[in-house]
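Geometric and topological summary
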Amino acid sequence: MSASLRFSAPSHSFPKQISLERQWPSGTLLSFAAFRPLNSLCISLRRCGESGVSRVSCQGGNVDVIQRDEFEAVSFGEPESQLTCVMKFGGSSVASAERMREVADLILSFPNEKPVIVLSAMGKTTNKLLLAGEKAVSCGVTNVDGLEELSFIKDLHHRTADELGVERSIVDGHLEVLEQLLKGIAMMKELTLRTKDYLVSFGECMSTRLFAAYLNKIGVNARQYDAFEIGFITTDDFTNADILEATYPAVAKRLNNDWNSDPAIPIVTGFLGKGWRSGAITTLGRGGSDLTATTIGKALGLREIQVWKDVDGVLTCDPNIYPHAEPVPYLTFDEAAELAYFGAQVLHPQSMRPAREGDIPVRVKNSYNPNAPGTLITRNRDMSKAVLTSIVLKRNVTMLDIVSTRMLGQFGFLAKVFSIFEDLGISVDVVATSEVSISLTLDPSKLWSRELIQQASELDHVVQELERIAVVNLLQHRSIISLIGNVQRSSLILEKAFHVLRANGVNVQMISQGASKVNISLIVHDNEAEQCVRALHSTFFESDLPELDRCDSAN
Ligand SMILES: Nc1ncnc2c1ncn2[C@@H]1O[C@H](COP(=O)(O)OP(=O)(O)O)[C@@H](O)[C@H]1O
Ligand SMILES: N[C@@H](CC(=O)OP(=O)(O)O)C(=O)O
């Protein structure tokens, strides 16, 4: 369980430093953030045991003594927000002036809503910014202004301003600083993760400014917000930061107060936050605007979170692999989280967490086809007829077969294997074990975000460490096919799946059923994976499953 506590102090007695007297068990202090302009202080704590903070003291200020009972009362005492829902529009939905106009019309077509709008960068701006940064490392300072990606970004944002009929000056300041930043990168011949996050932040900062200016121009009151200025506090894991608990009360306070004093549609940058130690801009991982949206939904306790995409909702598989993929009308938070975690690009892997915690329904809709019903994601759904919901493919995965040399007993063996991964900071995705052996796959998003040379040496290091206690076989170019659905019907799913795979001459190299009970993972060779997905799709989604009725009557 987690909780946040907040109290205010007059600015003259604002604490410079706080300390917790009688600490909770180690690791319970998640974050602490002070917001000077608001004269408020947020402390987030995770409760894990009987003991707790009996007192919070602040150096140099009038010390508030906060007992646990009071503390709980304060932490959940937020007044109800007048804002009603979040609407998040991804890059494809705001790729041009024309798309921005359509999005504005779409928002205004819901006159009863008082939405918070979250926007991503326009179209492929984030990719272009990253590419510009990579090129700047080696192109020389004098060549920065000739970078094709920089010209593209300038042109796109200027053209959009012109076509929307708003001043170019709205983005000019950002474009100038962006060019300076690229020159800095060229000078230093280095692009750190921290600089990468600052670099990509320009995308969201500009799209939101243009959109807010356009709404104001057509007579709709709108106010632009940079997420890193309104309390989105994160870890300092640049390019993949986690939202800290302090974010929720801070964001709620800022958006509610502004709305109450002067109502204007909030237009918030997706994807961005502020590192709690560094104070620098962080990003929430690619596709992170979904997480921004669900965080705001939970912070304000809103009725619904809408994420508007360029597809008719979450589909039965990636439409780029199989164009006959169909929309899935209903999903649970667990199914959606598993689907996202195992690689379906449509949702950010962490985005379901705030929605689930706040029990706020998430609707995935198509901004190009608003009348399509989309996908509704909720805590529970009727599973009586559900077999398979969606098939997800994660390519280019590394698999390890680790067979014990019996230097350790079974318990010690498993513990040792996992401690090696923990020490090296490498996440494991799918695991299958027997008494003396273990097969697992490594999370490519964690491993492959590092430099190529670093990856190779890290893999060597993993193998060397494991070889002290086991015989290790490293298998690269594997794919995980995740079957997301009703694992109550796992026998039916497996029977059908193996029948299809055998008919296609495919040998499954590992199988694992997730503890979440919504996912069965099959590992196959990369070059067979797409063919498997297509064959599985036609069996599960394009033909009847008469066995389902028999299962029902047997239950
Ligand atoms: N199972 C799936 N359902 C829907 N879309 C998927 C799925 N798997 C992959 N995709 C891809 O995800 C894209 C939408 O996600 P994304 O590009 O992040 O949207 P946005 O930028 O609008 O937030 C779709 O265009 C589609 O190509
Ligand atoms: N612009 C960021 C954040 C984001 O969420 O984008 P999108 O909503 O277009 O996936 C990215 O490209 O990763």
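- Going by what an unreviewed UniProt entry lists, the protein is known as Aspartokinase and is assigned to Hibiscus sabdariffa.
- UniProt, in its Sequence similarities (unreviewed entry) section for the protein, records the words "Belongs to the aspartokinase family."
- According to the UniProt record, the Catalytic activity (unreviewed entry) comment for the protein reads "L-aspartate + ATP = 4-phospho-L-aspartate + ADP".

**Brief notes about the packing of aromatic side chains**
- Applying the stated criterion to the full structure yields four aromatic pairs.
- Ring centres of Phe 89 and Trp 308 lie 5.8 Å apart, and the angle between their planes is 20°; on these two criteria the pair is classed as stacked. One end of the pair, Phe 89, is in strand β6 (residues 85–89); the other, Trp 308, is in strand β13 (residues 304–309), with 219 residues separating them in the sequence. Note on accessibility: Phe 89 and Trp 308 belong to one class, buried.
- Residues Tyr 198 and Phe 202 carry aromatic rings whose centres are separated by 5.2 Å and whose planes lie at 50° to one another, so their mutual orientation is tilted. Of the two residues, Tyr 198 and Phe 202 both sit in helix α6 (residues 193–217), four residues apart, roughly one turn of that helix.
- Note on Tyr 198: relative accessible area 33%, which makes it partly exposed.

**Some points on the pairing of strand β20 (residues 470–485)**
- Sheet analysis places strand β17 (residues 388–404) next to β20, joined by 13 bridges and oriented antiparallel. If you follow Asp 401 over to β20, its bridge partner there is Asn 473.
- Of the pairings in the sheet, the one linking β20 to strand β22 (residues 519–525) comprises seven bridges and is antiparallel in character. Residue Arg 478 lies in a different strand from β22, and its bridge partner there is His 525.

**Brief notes about the side chain of Thr 160**
- Along the chain, Thr 160 falls in helix α4 (residues 148–164).
- Not counting chain neighbours up to four residues away, the residues in contact with Thr 160 comprise Ser 96, Ala 97, Met 100, Met 122 and Leu 210.

**Focus on the sheet that holds β22**
- A sheet is described by the order of its strands in space; here six strands give the open sequence β18-β19-β17-β20-β22-β21, paired in antiparallel fashion. Lying at the two open borders of the sheet, with one neighbouring strand each, are β18 (428–433) and β21 (510–513). Across the sheet, the mean angle separating the axes of adjacent strands is 30° when strand polarity is ignored.
- Here β18 runs beside strand β19 (residues 437–442); their pairing, made up of four bridges, is antiparallel. Opposite Ala 432, over in β19, you have Ser 439 as the bridge partner.
- Across the sheet, helix α14 (residues 490–503) touches β17, β20, β21 and β22, and the angle it forms with β22 is around 15°.

**Observations regarding the side chain of Asp 226**
- Position of Asp 226 among the secondary structure elements: in the loop between β8 (222–225) and β9 (233–234).
- Within the local environment of Asp 226, its side chain forms a polar contact with the side chain of Gln 224, the two groups lying 2.9 Å apart.

**Some thoughts on the site of ligand 1**
- Near ligand 1 lie 16 residues; those nearest to it are Lys 88, Lys 309, Asp 310, Leu 315 and Asn 320.
- Contact distances for ligand 1 include 2.7 Å between an oxygen atom and a side-chain N or O atom of Lys 88.
- With respect to ligand 1, the backbone of Leu 315 contributes an N or O atom lying 2.8 Å from a nitrogen atom.
- Coverage of ligand 1 by the protein amounts to 87% of the 560 Å² it exposes when considered alone.
- By residue class, the composition of the shell around ligand 1 is six nonpolar, six polar and four charged.

**What about the site of ligand 2?**
- Taken together, the residues surrounding ligand 2 are Lys 88, Gly 90, Gly 91, Ser 120, Ala 121, Thr 126, Glu 204, Phe 271, Arg 286, Gly 287, Gly 288 and Ser 289.
- A distance of 2.7 Å separates a nitrogen atom of ligand 2 from a polar side-chain atom of Thr 126.
- Residue Ser 289 places a side-chain N or O atom 2.9 Å away from an oxygen atom belonging to ligand 2.
- Compared with its free state, where it exposes 330 Å², ligand 2 has 83% of that area covered by protein.
- Grouping the constituent residues of the shell around ligand 2 by class yields two nonpolar, seven polar and three charged.

**Examining the pattern of salt bridges**
- For the structure shown, the criterion picks out 21 salt bridges.
- A salt bridge links Lys 135 to Glu 149, with the nearest nitrogen and oxygen atoms 3.0 Å apart. One end of the pair, Lys 135, is in helix α3 (residues 125–139); the other, Glu 149, is in helix α4, and 14 residues separate them in sequence.
- Taking the shortest distance from any N to any O, the salt bridge between Arg 468 and Glu 465 comes out at 3.3 Å.
- Here Arg 468 falls in the exposed class, since its relative accessible area comes to 54%.
- The exposure class of Glu 465 is partly exposed, given its relative accessible area of 22%.

Analysis parameters
Residues numbered from 1 in each chain as written. Chains lettered and ligands numbered in written order. Predicted model: local features only at pLDDT ≥ 70, side-chain atom pairs only at ≥ 80, totals over all residues. Heavy atoms only, no water. UniProt positions renumbered as here; feature names shortened; annotations may be inferred. Phe/Tyr/Trp six-rings, centres within 6.5 Å; stacked < 30°, edge-to-face > 60°. Helix = DSSP H or I, 4+ residues; strand = E, 2+ residues; numbered from the N terminus. Buried < 20%, exposed > 50% of the residue type's maximum accessible area, 1.4 Å probe, protein only. Pairing = 2+ DSSP bridges. Contact = heavy atoms within 4.5 Å. Axes fitted to C-alpha atoms, helices over the stretch in contact; angles between N-to-C directions. Polar contact = N/O pair within 3.5 Å; in protein donor to acceptor, adjacent residues only side chain to side chain. Near = heavy atom within 4 Å. Areas by Shrake-Rupley, 256 points an atom, 1.4 Å probe, with all protein chains shown as cover. Nonpolar A, V, L, I, M, F, W, Y, C, P; charged D, E, K, R; others polar. Salt bridge = Lys/Arg side-chain N within 4 Å of Asp/Glu carboxyl O.

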